[in-house]
Amino acid sequence: MFLLCVPRFFFINGLNNMRHVKYYYIFLCFVFVVTVLGNSFVMFSIYTERSFHTPKYMAVFNLALADLGESTALIPNVIATFLFNSQYISFDACLANMFFVLFFTCLQSLSLTLMAYDRLVAIYLPLRYHAIITMQAMTVLLTLAWTYNSFLIILLVASITRLSFCKSIVVKSYFCDHGAIYSLACNDRSMNSMITTVHIILWICVPFLLIILSYFFIAGALSKIASWEGRFKAIKTCSAHLMLVSLYFLPIIGILIVSLTSTLQPNVRIFNLSIAKTLTPLLNPIIYVLNTDEVREFSKKLFKTKIKKQKKMQHK
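Right, let's walk through the structure included here.

The rules behind these values
- Residues numbered from 1 in each chain as written.
- Predicted model: local features only at pLDDT ≥ 70, side-chain atom pairs only at ≥ 80, totals over all residues.
- Heavy atoms only, no water.
- Phe/Tyr/Trp six-rings, centres within 6.5 Å; stacked < 30°, edge-to-face > 60°.
- Helix = DSSP H or I, 4+ residues; strand = E, 2+ residues; numbered from the N terminus.
- Buried < 20%, exposed > 50% of the residue type's maximum accessible area, 1.4 Å probe, protein only.
- Expected span 1.5 Å × (residues − 1).
- Bend = angle between axes of the 7 residues up to and from the residue.
- Pairing = 2+ DSSP bridges.
- Axes fitted to C-alpha atoms, helices over the stretch in contact; angles between N-to-C directions.
- Parallel < 35°, antiparallel > 145°, perpendicular 65-115°, else oblique.
- Left-handed = near helix turned anticlockwise from the far one by under 90°.
- Nonpolar A, V, L, I, M, F, W, Y, C, P; charged D, E, K, R; others polar.
- Salt bridge = Lys/Arg side-chain N within 4 Å of Asp/Glu carboxyl O.
- Disulfide = S-S within 2.5 Å.
- Contact = heavy atoms within 4.5 Å.
- Core = buried A, V, L, I, M, F, W, Y, C linked by side-chain atoms within 4.5 Å.

1. Overview of the packing of aromatic side chains
- Taken as a whole and judged by the stated rule, the model has 18 aromatic pairs.
- When the ring of Phe9 is compared with that of Tyr88, the centres are 6.4 Å apart and the planes differ by 80 degrees; the resulting orientation is edge-to-face. Of this pair, Phe9 sits in strand S1 (residues 9-12) while Tyr88 is found in strand S2 (residues 88-90), placing the two residues 79 residues apart along the sequence.
- Since its relative accessible area comes to 54%, Tyr88 is described here as exposed.
- Each member of the aromatic cluster is reached from another via a ring pair, and the members are Phe99, Phe100, Phe103, Phe104 and Trp146.

Pasting the structure below:
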């Protein structure tokens with residue numbers, strides 16, 4: 001009978017050998033603060049403004065929540081781990097860190113896919129939009145996304161518990177990444193390798209292909225609009241979403257392609273992945289606020305109201 005050798009701790013070593021890395025941690029502190037403020041503002045806007053209580057903004061709220069969750073699960077831990085030399089992490093804490101980072105990262109992918117579906121129906125079937133994309137329908141879709149995501153991430157994390165770690169406990173990543181952890185195992189890890197492949201297909205390839213397919217149909221619908229003004233208005237409603245999709249998927253797909261086609265230096269891979277994972281939640285709310293008329297107008301109204309209140313207080 002094979003006895004599992006489960007370590008009490010892992011040692012996170014991913015960013016150790018980089019020059020001037022402390023400046024990067026200071027940068028991450030700034031990124032975290034702006035990410036929390038930006039996504040909290042988007043969520044606050046959608047929650048308080050009644051005109052935003054629509055299926056479209058439910059998906060946007062979900063994306064902001066996923067961005068906030070990923071940053072909170074990832075950045076404070078990275079800063080605490082490396083800046084304060086606290087690189088040992090218990091086995092259970094490592095699995096918890098893996099779950100929350102991957103859960104919210106994958107939830108971003110599903111949220112972007114739901115937003116693409118919303119735009120597809122709005123442009124391809126405009127007369128039936130309010131019949132198809134209802135609050136109840138979006139609630140069901142979001143519930144399914146959370147359930148589906150939870151089940152598969154739990155399966156991914158649970159697969160680590162069947163491994164035995166009898167050699168190294170040094171994790172060559174900046175958090176408890178599934179691939180970096182299972183590669184340390186000294187027993188059969190073929191199941192983990194298969195689960196990783198399925199994970200990449202289900203959370204990167206399939207959502208990205210569905211989004212591309214939706215924009216293929218959107219492009220077909222736009223070609224049938226006679227006026228340039230009508231086309232421009234329709235394109236403008238998709239511009240923010242397209243930027244968010246590019247920001248999320250292209251860096252990850254680029255790193256995957258480079259890793260499969262050539263030898264990528266570990267530090268370069270770790271640094272690029274950490275940048276992609278931390279900057280995306282930072283830029284998402286900025287892009288959405290700047291490119292969405294309704295949110296921009298709400299921001300102006302909120303700002304003007306605050307100035308008026310300050311002036312009244314000064315007069316008193």
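2. Regarding helix H7 (residues 190-223)
- The terminal C-alpha atoms of H7 lie 48 Å apart, and with 34 residues this matches the ideal 50 Å at 1.5 Å per residue to within 8%.
- In the structure, H7 departs most strongly from a straight axis at Ile201, where the bend amounts to approximately 35 degrees.

3. Notes on the sheet that holds strand S3 (residues 170-171)
- Across the sheet, three strands lie side by side as S2-S1-S3; this open sheet has mixed pairing. Looking at strand neighbours, the two that pair on one side only are S2 and S3, the edges of this open sheet.
- Summarising the sheet, S1 and S3 pair through two bridges and their orientation is parallel. Residue Phe11 lies in a different strand from S3, and its bridge partner there is Val170.

4. Let's talk about the packing of helix H2 (residues 55-83) against helix H3 (residues 91-124)
- Closest axis-to-axis distance for the H2/H3 pair is 8 Å, and the angle between their directions is 160 degrees. Relative to H3, H2 is oriented roughly antiparallel. Note that H2 runs across H3; the crossing there is left-handed.
- Grouping the constituent residues of the contact of H2 with H3 by class yields 13 nonpolar, seven polar and five charged.

5. Some thoughts on the pattern of salt bridges
- Applying the stated rule across the entire model yields one salt bridge.
- The shortest N-O distance in the salt bridge between Asp118 and Arg119 comes to 2.7 Å.
- Owing to a relative accessible area of 2%, Asp118 belongs among the buried residues under this scheme.

6. What to know about the state of the cysteines
- Overall, the coordinates contain two disulfides when judged by the stated rule.
- With its sulfur 2.0 Å from that of its partner, Cys94 forms a disulfide with Cys176. Between Cys94 and Cys176, the S-S torsion sits near -120 degrees, and that sign places the bridge as left-handed. Remark: Cys176 occurs in the loop between S3 and helix H6 (178-182) and Cys94 occurs in helix H3; sequence separation between them is 82 residues.
- Paired through a disulfide, Cys166 and Cys186 show a sulfur-sulfur distance of 1.9 Å. Separated by 20 residues along the polypeptide, Cys166 in the loop between helix H5 (135-158) and S3 and Cys186 in the loop between H6 and H7 bring together distant segments of the chain.
- By relative accessible area, which is 47% here, Cys166 ends up partly exposed.
- For the chain, the disulfide bridges join cysteines in the arrangement 1-3, 2-4, where the cysteines are counted in sequence order.
- With no disulfide of its own, Cys106 lies closest to Cys205 among cysteine sulfurs, the gap being 12 Å.

7. Things to note about the environment of Ile200
- Among the secondary structure elements, Ile200 is positioned in helix H7.
- Judged by its relative accessible area of 26%, Ile200 is partly exposed.
- Placed 94 residues apart in sequence, Ile200 and Cys106 show a C-alpha to C-alpha distance of 10.0 Å.
- Dropping the residues within four chain positions of it, Ile200 is found in contact with Cys205 and Leu256.

8. Here's the deal with the nonpolar core
- Judged by nonpolar contacts, the single largest core of 51 residues is most densely connected at Phe10, Leu15, Met98, Ile160, Phe165, Tyr174 and Ile181.
- Those elements that place two or more of their residues in this core are S1, helix H1 (21-48), H2, H3, H5, H6, H7 and helix H9 (266-291).
- The element contributing the most residues to this core is H3, with 11 residues.
- When near neighbours in sequence (up to four residues on either side) are disregarded, Met98 contacts Val157, Ile160, Cys176, Asp177, His178 and Ile181.

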